[in-house]
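Descriptive structure summary
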Amino acid sequence: MRGGQALGRQFGWLWGAYAVSAVGTWLAFDSFSLIAVMVLHAGATEVAVLSAAGLAVGAAVATPLGPWMEFRRKRPVMMSMDLVRCGVLLTIPVAFALGALTFVQLLVVSIVVGAADISFTAASGAFVKSLLPPEDLLAANARFEATQWTATILGPPLGGAAMGVFGPVMTVVANAVSFLLSAAGIRAIGGTETRPVGPGPGPAPAGSLLEGWRYILAHPTLRPMFFNTVLYNALIMVSLPLLAVLMVGDLGFSAWQYGLAFSVPSIGGLIGSRLTRRLVPRFGERRVLLVSGTLRACWPIGLAFVGPGTAGLVLVMVVELGVIVSCAVFNPVYSTIRLRQTDTGRVARTLSAWSVTTKATTAGMTALWGLLAGLTGPRAAIAVAGVLVLATPLLLPRRVAGPAEMAQPSIDEAA
């Protein structure tokens, strides 16, 4: 497995684009929730609705784009999604400056950004698989993971400070600019991208994305990974808006303290992503996936016990450190296995189906947890999510399909 320096100039530009957008995203960490609380004085239920609606409708909007992207060059799609996100995010500071910012506008922007996120992720996954040989995918994914956690360390405290000095929407401006720079970096990759052979111009057939779900559900390795990651991600995400309300609203933490609670433990992401490249050659991908996937489920329940003051802040940091180290080991292995196990001609549809399901599930569960928090309070709702996370390791794959099984025809081909 080669290091990041040996992955080539084109990958270097792709990594640079990823890095700048990751920094922008983490500068604006939970910005919509914080703007809703600090500017529009929204409560727990409204914040949960904001998160849920953006995910659910964004997933619905993105659903037809997966099959469409499968037969298009991926770089233009990625650049287009970056520019869409930049443009729609810039409407927020404009409305804020005019005194016209509303909860509805936050919802609409969240929806558009959510749809563009799904489309960009699917296109970039397919592009990475076409750009690099299979033996370099783990090195690339580990580098992306390390970059993501570096951005997580730097972004939230700087974003919280920017909110305090320049106002609550400044981080949204930074995020918008980061997407513009990302589009420029992707354009600089250069080279010629072969257009995939497909059905030609025009909209994709209505049921095309169903092939992505059928392919996942028929695959002996992708299927359990799919259920595990969708459920785990949803249960982790439902706690974030509630934790923002609990810490900033109920316990009196400031925005910069809230950001600090997530940024400091992110050093674990650098540790975990570096460990991955040592653990996999020694223990194998399957064992590393199982152990790290189990460990990452053991920590979130601790968030239910956060209290005020320094002790509460330290508790959040310890819990997040445990989650992050485990996830930083798990994620590159999971992403690499998923790309290797997916047929080249089905990557965009498969990743789109995966992302749409994750977003829709997270949306539905976020709305449900918002209602639960309205009845029981945010602390009890966070505790319920933490207990359910403990069961997610049962869904991890116990084996990884070999080349013969990977070569099995899909349902459509067999028919």
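Residues numbered from 1 in each chain as written. Predicted model: local features only at pLDDT ≥ 70, side-chain atom pairs only at ≥ 80, totals over all residues. Heavy atoms only, no water.

1. Considerations on a nonpolar patch on the surface
- Where nonpolar side chains cluster on the molecular surface, the patch consists of V84, V104, V108 and V112 and spans about 290 Å² of accessible area.
- With three residues, the top contributor of residues to the nonpolar patch is helix α7 (residues 103-131).
- Relative to the helices and strands, V112 resides in helix α7. (Patch = residues over 30% accessible without salt bridge, like charges linked within 9 Å, V, L, I, M, F, W, Y side chains within 5 Å. Areas by Shrake-Rupley, 256 points an atom, 1.4 Å probe, with all protein chains shown as cover. Salt bridge = Lys/Arg side-chain N within 4 Å of Asp/Glu carboxyl O. Helix = DSSP H or I, 4+ residues; strand = E, 2+ residues; numbered from the N terminus.)

2. Points about the nonpolar core
- L243, M247, Y258, F262, W369 and I382 are the most contacted members of the largest nonpolar core, which has 38 residues in total.
- Listing elements by their share of this core, those giving two or more residues are α1 (9-27), α8 (137-166), α11 (222-250), α12 (255-263), α15 (309-341), α16 (347-376) and α17 (378-389).
- Counting residues per element, this core draws most heavily on α11, which supplies eleven residues.
- Sequence-distant contacts of Y258, that is, excluding residues within four places in its chain, are made with F29, D30, L34, L240, L243, A244, M247 and V248.
- In terms of nonpolar packing, the next biggest core, distinct from the first, is built from 27 residues, V77, L132, I186 and A348 among them. (Core = buried A, V, L, I, M, F, W, Y, C linked by side-chain atoms within 4.5 Å. Buried < 20%, exposed > 50% of the residue type's maximum accessible area, 1.4 Å probe, protein only. Contact = heavy atoms within 4.5 Å.)

3. A few points about the packing of α16 against α17
- Taken N-terminus to C-terminus, the directions of α16 and α17 make an angle of 130°; their axes are 7 Å apart at the nearest point. One finds that α16 runs oblique with respect to α17. Seen from above, α16 lies across α17 with right-handed handedness. On α17, the residues that touch W369, L372, A373 and T376 of α16 are P378, A380, A381, V384, A385 and L388.
- Its residues placed into classes, the contact of α16 with α17 shows nine nonpolar, one polar and no charged. (Axes fitted to C-alpha atoms, helices over the stretch in contact; angles between N-to-C directions. Parallel < 35°, antiparallel > 145°, perpendicular 65-115°, else oblique. Left-handed = near helix turned anticlockwise from the far one by under 90°. Nonpolar A, V, L, I, M, F, W, Y, C, P; charged D, E, K, R; others polar.)

4. Things to note about the packing of helix α13 (residues 267-283) against helix α14 (residues 285-295)
- Taken N-terminus to C-terminus, the directions of α13 and α14 make an angle of 125°; their axes are 7 Å apart at the nearest point. Comparing their axes, α14 and α13 come out oblique. Between α13 and α14, the residues in contact are L279, V280 and F283 and E285, R287 and V288, respectively.
- Within the contact of α13 with α14, the residues separate by chemical class into four nonpolar, no polar and two charged.

5. A word on the layout of surface pockets
- Its volume calculated, the second largest pocket comes out at about 170 Å³.
- Looking at the second largest pocket, the residues that line it are L275, L279, F283, R287, V288, V291, S292, L295, G322, V325, S326 and V329.
- Examining the composition of the lining of the second largest pocket, we find that five residues originate from one element, α14, more than from any other.
- A breakdown of the residues in the lining of the second largest pocket according to their chemical character gives eight nonpolar, three polar and one charged. (1 Å grid on protein atoms, 1.4 Å probe; cavity = no way out; pocket = protein on both sides within 12 Å on 5 of 7 lines; lining within 4 Å. Points joined across faces, edges and corners; volume = space filled by probe spheres on them.)

6. Some points on empty space enclosed by the protein
- Applying the stated criterion across every chain, the model contains two cavities of 30 Å³ or more.
- The calculated volume of the second largest cavity comes to roughly 70 Å³.
- Taken together, 13 residues form the lining of the second largest cavity, with F29, L34, P156, G159 and G160 sitting closest to its centre.
- When residues of the lining of the second largest cavity are traced back to their parent elements, those giving at least two are α2 (31-38), α8 and α12.
- Element by element, the count of residues in the lining of the second largest cavity is highest for α8, at four residues.
- Of the residues assigned to the lining of the second largest cavity, the class counts are eight nonpolar, five polar and no charged.

7. Notes on the confidence of the model for the protein chain
- The predicted model of the protein chain averages 84 in pLDDT, with 88% of residues at 70 or higher.
- Ranking the helices and strands of the protein chain by mean pLDDT puts α17 first, with 95, and helix α19 (residues 411-414) last, with 38.
- Scored below 50 in pLDDT, residues 200-207 shows six contacts in the model against residues more than four places distant or in partner chains.
- Here residues 403-415 scores under 50 on pLDDT; set against residues more than four positions off or in separate chains, the count is 16 contacts. (pLDDT = per-residue confidence, 0-100.)

8. Side note on the packing of aromatic side chains
- One pass over the full model with this rule turns up six aromatic pairs.
- Relative to F144, the ring of Y18 lies with its centre 4.8 Å away and its plane at 50°, an arrangement referred to as tilted. Of this pair, Y18 sits in helix α1 while F144 sits in helix α8; the two residues are 126 residues apart in sequence, bridging distant segments of the chain.
- Lying over the aromatic face of Y232, R296 brings its terminal NZ or CZ to 3.8 Å of the ring centre.
- In this structure, R338 packs its charged tip against the face of W354, placed 4.9 Å from the ring centre. (Phe/Tyr/Trp six-rings, centres within 6.5 Å; stacked < 30°, edge-to-face > 60°. Lys NZ or Arg CZ within 6 Å of the ring centre and 35° of its normal.)

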